[in-house]
Amino acid sequence: MPSYNAPVKDQMFVLNDLLKVGEQEIPGFDDLDRETLEAILEEAGKVARDVMAPLNAVGDTEGCVLENGVVRTPKGFKAAFDAVREGGWTALDCDPEYGGQGLPYVVATAVGEQFSSANMAFNMYQGLTHGAYSAIHAHGSDEQKAMYLPKMVTCEWTGTMNLTEPHCGTDLGLMRTKAVPQEDGTYKVSGQKIFISAGDHDMSENVIHLVLAKIPGGPEGIKGVSLFIVPKFIVDENGNPGTRNGVSVGKIEEKMGIHGNSTCVMNYDEATGYLLGTEHKGMRAMFTMMNEARLGVGLQGYAQSEVAYQNALEYAKDRLQGRDVTGVRNPEGPADPLIVHPDIRRNLMDQKSFNEGARAFTYWGAEMIDRAHRNNDEAAHGLISLLTPVIKGFLTDKGFEMATNAQQVYGGHGYIEEWGMSQFARDARIAMIYEGANGVQALDLVGRKLAQDGGKHVMAFFAMVTDFIKDTKGRSDAFEKDFREPLKAASKDLQAAGMFFMQNGMKNPNAALSGSYDFMHMFGHVCLGLMWAKMAIAAEDKLTAGDADADFLNAKIATGRYYMARQLPMTSTHLTRIESGADTVMALDAAQF
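The model shown is predicted, which means the values in this text are computed figures rather than measured ones.

(A) Focus on the overall build of the protein. Looking only at helices and strands, one finds 18 helices and eleven strands in the protein. Relative to the compact-globule value of 25 Å for 593 residues, the protein shows a C-alpha radius of gyration of 24 Å, a close match. Reported as C-alpha extents along the three principal axes, the dimensions of the protein are approximately 80 × 60 × 60 Å. Going through the 593 residues of the protein one by one, you find that 58% of them count as buried. Of the roughly 24,400 Å² of accessible surface on the protein, a fraction of 51% belongs to carbon and sulfur atoms. The centroid of the 55 positive side-chain charges in the protein is displaced by 4 Å from the centroid of its 77 negative side-chain charges.

Below, the structure written as structure tokens:
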């Protein structure tokens, strides 16, 4: 069975030496000294390794079962969920007014990576609750917050987000679920929602559904959508679950992966709902959940890659196959271990360089969210809004690719279920689809985010990279060759692609949209290139200062050098594709496919 060990040393390097979180002028960050951070991550790592990871294969093989209208989770899930709740892990960055610990979001992100690597399906129960908590916290009335948030912080009550219907996913303006106003100020919600993760289960006392629906007589399309709180059990006057509401599970979806999470068809039959926020402004409230969720899904992408890589690495060190072409490495055995072979090294280096770069990129994004919320920093808010589709789309595409690469290291054993590698690939696959399919993320990036606020956020990103390149000129010949010049070339490719969209997108929108997916990946590579250049500087500085962990730091620089040489040049390929325009993409009539 696969194993998982939290990469605490690398997490600490990103938080302390790259982001220097304890030195940032953000409220709450001055408490993030090295000892505190390490204690949190070490303890979370034990929970991930000892409580969650052993249930990953159990959840995959048993799945969830619908019995007499009740969803039963896999064996051991309930006890593990109670242990996570009682340990306070669901409350890390929640508001202390409602029982949270008030830690920065970047800390919760680092812990969330560990939990997602250990058991992605299990961690989704609390992850979705956190998203629902955030939406109510941001848009709910004082009464709603007092009623729901304390129990959601502890996950005594869990939460969901209900968007998709059988006939509409991305185009939510087509939804048919309706909410009819009642004289007492409530609404009767009726309709069907599908693909609802953690839609029902036996691990919490109540499930608080956030449901998108249309109020009759409202505006057409997406402008007429409102958001409602629809609890599984209506909360009584004492704050306890009371009467069963008109919401039920139609079925549990049979899926490719994340079998341990109950993905449900939810039926609403005049269920009592409570308006969250303002009428016809449901998408604004829902996007409070969606943006947080999209960073979390990007995290899921590389988290699955990380755990797959850990196991592939161990297999490559143990499995004896063939001899090293440069000389025998294992003279006492019949063959050398897989890891001596260059193609296996290439595969593992692809995984390692992606995982560590993606971790830095995601934590940087989480820090921006903290900066935006805790400092009311509009520049940080604009930049993370720009980068969110990149984090979600690029990291999940590459995370799935790397999970299958890890499977490849095993050869035939990677295809056999008893070795457990296929689960990582199957679980990672959904991250490319939910919370907005990656093609939609690319369209959002090019069609909306680039031009947002007059394009000032993307221009700020370009300026930040340009300034970094200027500021690091002359640092050293090695840094110039291995990091600065590759980043400079990749940044020029990204800017050239943006210029192509500006020059061609207005007169032919397809010219921009046909290149949007390439642009998203190009943007992702530049972000990881920037992270690797900054991590190389951090590692070099620690080596110069005489840091004792020279092996780790030299490996960090070598891994970054690999990414800059072998992965970052993909920006040139993406630019060539973008500049080919829309003609080849749109050449065929529908009947010719």
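(B) Representation of the packing of aromatic side chains in the model. Inspection of every chain in the model, using the stated rule, returns 16 aromatic pairs. Taking the centre distance of 4.1 Å and the plane angle of 20 degrees together, the rings of Tyr-315 and Tyr-410 count as stacked. Taken as a pair, Tyr-315 in helix α8 (residues 282–318) and Tyr-410 in the loop between α10 (378–409) and α11 (421–430) lie far apart in primary sequence, 95 residues in all. Using a relative accessible area of 7% as the deciding quantity, one classes Tyr-410 as buried. Aromatic pair Tyr-410 and Trp-419: ring centres 5.8 Å apart, planes at 70 degrees, arrangement edge-to-face. Among the aromatic residues, those joined into a cluster by ring pairs are Phe-461, Phe-462, Phe-500, Phe-501, Phe-519 and Phe-523. The positively charged end of Arg-244 is found above the aromatic ring belonging to Phe-233, 5.5 Å away from the centroid. Taking NZ or CZ as reference, Arg-429 lies 5.6 Å from the ring centre of Phe-400, over its face.

(C) Structural view of the pattern of salt bridges. One pass over the full model with this rule turns up 37 salt bridges. Close ionic contact of Lys-542 with Asp-17 constitutes a salt bridge, the shortest N to O distance being 3.5 Å. You can see Lys-542 sitting in helix α16 (residues 516–544) and its partner Asp-17 sitting in helix α1 (residues 8–18), a full 525 residues away along the chain. Asp-17 matches Lys-542 in its accessibility class, with the two residues each being buried.

(D) Spotlight on the side chain of Asp-493. In this structure, Asp-493 sits in helix α14 (residues 477–504). Put simply, Asp-493 is tucked away with no salt bridge, and the nearest opposite charge, on Lys-492, sits 9.0 Å away. For Asp-493, the residues in contact, after removing those within four places along its chain, are Met-522, Thr-571, Ser-572 and Leu-575.

(E) Up close: helix α17 (residues 550–566). Along its 17 residues, α17 runs 24 Å from first to last C-alpha, staying within 8% of the 24 Å computed at 1.5 Å per residue. Where α17 is concerned, the buried positions are Phe-552, Leu-553, Lys-556, Ile-557, Thr-559, Gly-560, Tyr-562, Tyr-563 and Met-564. Those residues of α17 hidden inside the fold are in contact with α1, α9 (342–374), α10, α14 and α16.

(F) Molecular detail of the packing of α9 against α17. Remark: α9 packs on α17, axes separated minimally by 9 Å, with the N-to-C direction vectors making an angle of 100 degrees. Here α9 is positioned roughly perpendicular relative to α17, judged by the angle of their axes. Listed contacts from α17 to Arg-346, Met-349, Asp-350, Lys-352, Ser-353 and Glu-356 of α9 are Lys-556, Ala-558, Thr-559, Tyr-562, Tyr-563 and Arg-566. For the contact of α9 with α17, the class distribution of residues is four nonpolar, two polar and six charged.

Reading the values: the criteria
Residues numbered from 1 in each chain as written. Predicted model: local features only at pLDDT ≥ 70, side-chain atom pairs only at ≥ 80, totals over all residues. Heavy atoms only, no water. Helix = DSSP H or I, 4+ residues; strand = E, 2+ residues; numbered from the N terminus. Rg over C-alpha atoms; globule rule 2.2 N^0.38 Å. Buried < 20%, exposed > 50% of the residue type's maximum accessible area, 1.4 Å probe, protein only. Areas by Shrake-Rupley, 256 points an atom, 1.4 Å probe, with all protein chains shown as cover. Lys, Arg positive; Asp, Glu negative; His and termini not counted. Charge placed at Lys NZ, Arg CZ, Asp CG, Glu CD. Phe/Tyr/Trp six-rings, centres within 6.5 Å; stacked < 30°, edge-to-face > 60°. Lys NZ or Arg CZ within 6 Å of the ring centre and 35° of its normal. Salt bridge = Lys/Arg side-chain N within 4 Å of Asp/Glu carboxyl O. Contact = heavy atoms within 4.5 Å. Expected span 1.5 Å × (residues − 1). Axes fitted to C-alpha atoms, helices over the stretch in contact; angles between N-to-C directions. Parallel < 35°, antiparallel > 145°, perpendicular 65-115°, else oblique. Nonpolar A, V, L, I, M, F, W, Y, C, P; charged D, E, K, R; others polar.

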